[in-house]
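Here is how the chains run, residue by residue.
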Amino acid sequence: MNHLQLFLPCAGGVEELLAHEVHRICKVPVSVMRGGVMLEGSWRDAMLLNLHSRLAMRVMIELAHQPYRSERDLYSAASEVAWELWFTPKNTFKIEMTSQHSPLKSLNFAALTIKDAIAARFRNKFGARPDVDTHWPHVRVHAHLTTDAVTLYIDTSGEPLFKRGWRQDTGEAPLKDTLAAAMIAASGWQPEQPLYDPCCGSGTIAIEAAQIALNIAPGLQRQFAFERYLPFQ
């Protein structure tokens, strides 16, 4: 658990800001990708990033990356991942699919194929398989397809990280907390300076700035998916 490939997706244009934040939190080299950043870190780093990152949408662990040509290759890739190191048949799971120029005709069928492979691996090892829950799963497995490669991730965050846990209600079209944090970071604002928000709305930017000034971790009031995973103590 000390050599994990971590991927943190973020809003477009926030990648450089996120890379700086991740390096500050983990003190390790960070690679900027389109739509996120990647780093080699530990299980502890994954937990720290969930707790402290203001800009990432999720913290995901890459478990497989290999070429594919058909759904059969997706099944093989998912079958070879040691899912039993992360969760048990008592947990529920869900497959999240994204693609970029994938030649496959149906992403739904691709997701079903990966789901079947995970279920079959558990059934072969334990005689029981985890159930699927599309609404509130314990485990989210993310599969990303390009023209010729599939990457499988396990999501350590659960609910997106912009859900800080403190908000009880929202107005119309609320600003995501991660975007508010990105606006603050891009502005160069520092806690010793006054902050003026002429379009305050529900106060997301001001509250985010106040938490930064008081050094309150953004994930302090919420729970994370990794708390249900086997490596968690």
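Residues numbered from 1 in each chain as written. Predicted model: local features only at pLDDT ≥ 70, side-chain atom pairs only at ≥ 80, totals over all residues. Heavy atoms only, no water.

Remarks on the overall build of the protein
Then, in step 1: Looking only at helices and strands, the protein has six helices and seven strands in total.
Then, in step 2: The secondary structure elements of the protein, listed N-terminal to C-terminal, are β-α-β-β-α-β-α-β-α-β-β-α-α.
Then, in step 3: Its C-alpha atoms give the protein a radius of gyration of 19 Å, near enough to 17 Å, the size a compact globule of 233 residues would have.
Then, in step 4: Taken along the three principal axes of its C-alpha coordinates, the protein extends 60 × 40 × 35 Å.
Then, in step 5: When each of the 233 residues of the protein is scored for burial, the buried share is 47%.
Then, in step 6: A separation of at least 24 residues holds for 75% of the contacts in the protein among residues at least 6 apart in sequence.
Then, in step 7: Total accessible area on the protein is roughly 12,500 Å²; 53% of this is exposed by carbon and sulfur atoms. (Helix = DSSP H or I, 4+ residues; strand = E, 2+ residues; numbered from the N terminus. Rg over C-alpha atoms; globule rule 2.2 N^0.38 Å. Buried < 20%, exposed > 50% of the residue type's maximum accessible area, 1.4 Å probe, protein only. Contact = heavy atoms within 4.5 Å. Areas by Shrake-Rupley, 256 points an atom, 1.4 Å probe, with all protein chains shown as cover.)

With respect to unusual backbone geometry
Then, in step 1: Residues other than glycine seldom take positive phi values, yet Lys 27 does so here, at roughly 60°.
Then, in step 2: With respect to the helices and strands, the residue Lys 27 is situated in the loop between α1 (15-26) and β2 (31-33).
Then, in step 3: A positive phi angle, close to 65°, is found at His 101, a residue other than glycine.
Then, in step 4: Structurally, the position occupied by His 101 is in the loop between β5 (93-99) and α4 (107-126).

Some words on the packing of α1 against helix α2 (residues 43-52)
Then, in step 1: Contact geometry for α1 and α2: axes closest at 10 Å, N-to-C directions at 125°. The orientation of α1 relative to α2 falls into the category oblique. Judged by the sense of rotation from one axis to the other, the crossing of α1 with α2 is right-handed. Residues Glu 21, Val 22, Ile 25 and Cys 26 of α1 form the contact with α2, whose own contacting residues are Asp 45, Leu 48, Leu 49 and His 52. (Axes fitted to C-alpha atoms, helices over the stretch in contact; angles between N-to-C directions. Parallel < 35°, antiparallel > 145°, perpendicular 65-115°, else oblique. Left-handed = near helix turned anticlockwise from the far one by under 90°.)

Points about the nonpolar core
Then, in step 1: If you look at the biggest cluster of nonpolar residues, it comprises 54 residues, and the most contacted ones within it are Leu 8, Leu 49, Phe 87, Ile 114, Ile 118 and Leu 152.
Then, in step 2: Here the element with the most residues in this core is α4; it accounts for six residues.
Then, in step 3: With near-sequence residues (within four places) excluded, Ile 114 lies in contact with Leu 74, Ala 78, Ile 95, Met 97, Ala 143 and Leu 152.
Then, in step 4: Within the second largest apolar cluster, five residues are counted, among which are Ile 184, Trp 189, Ile 205 and Ala 209. (Core = buried A, V, L, I, M, F, W, Y, C linked by side-chain atoms within 4.5 Å.)

So, the side chain of Thr 204
Then, in step 1: Within the secondary structure layout, Thr 204 lies in helix α6 (residues 204-213).
Then, in step 2: The class of Thr 204 is buried, set by a relative accessible area of 2%.
Then, in step 3: Apart from the residues within four sequence positions on either side, Thr 204 is in contact with Arg 167, Leu 175, Lys 176, Asp 177 and Ala 180.

Points about the pairing of strand β1 (residues 4-9)
Then, in step 1: Most of β1 is tucked away, with five of its six residues classed as buried.
Then, in step 2: Of the pairings in the sheet, the one linking β1 to strand β4 (residues 60-67) comprises three bridges and is antiparallel in character. Along β4, the bridge assignment pairs Gln 5 with Glu 62. (Pairing = 2+ DSSP bridges.)

Some thoughts on the side chain of Thr 156
Then, in step 1: Following the sequence through the fold, Thr 156 ends up in the loop between β7 (149-155) and α5 (177-187).
Then, in step 2: On the accessibility criterion, Thr 156 (1% relative accessible area) is buried.
Then, in step 3: Of note is the side chain of Thr 156, whose polar atom sits 2.8 Å from the side chain of Asn 50.
Then, in step 4: Of note is the side chain of Thr 156, whose polar atom sits 2.6 Å from the backbone oxygen of Val 59. (Polar contact = N/O pair within 3.5 Å; in protein donor to acceptor, adjacent residues only side chain to side chain.)

As for the packing of helix α3 (residues 71-79) against α4
Then, in step 1: Across the interface, α3 lies against α4 with an axial gap of 8 Å and an inter-helix angle of 35°. Here the hand of the crossing between α3 and α4 comes out right-handed. In contact with Glu 71, Leu 74, Tyr 75, Ala 78 and Ser 79 of α3, α4 contributes Phe 109, Ala 110, Thr 113, Ile 114, Asp 116, Ala 117, Ala 120 and Arg 121.
Then, in step 2: Looking at the contact of α3 with α4 residue by residue, the classes come out as eight nonpolar, two polar and three charged. (Nonpolar A, V, L, I, M, F, W, Y, C, P; charged D, E, K, R; others polar.)

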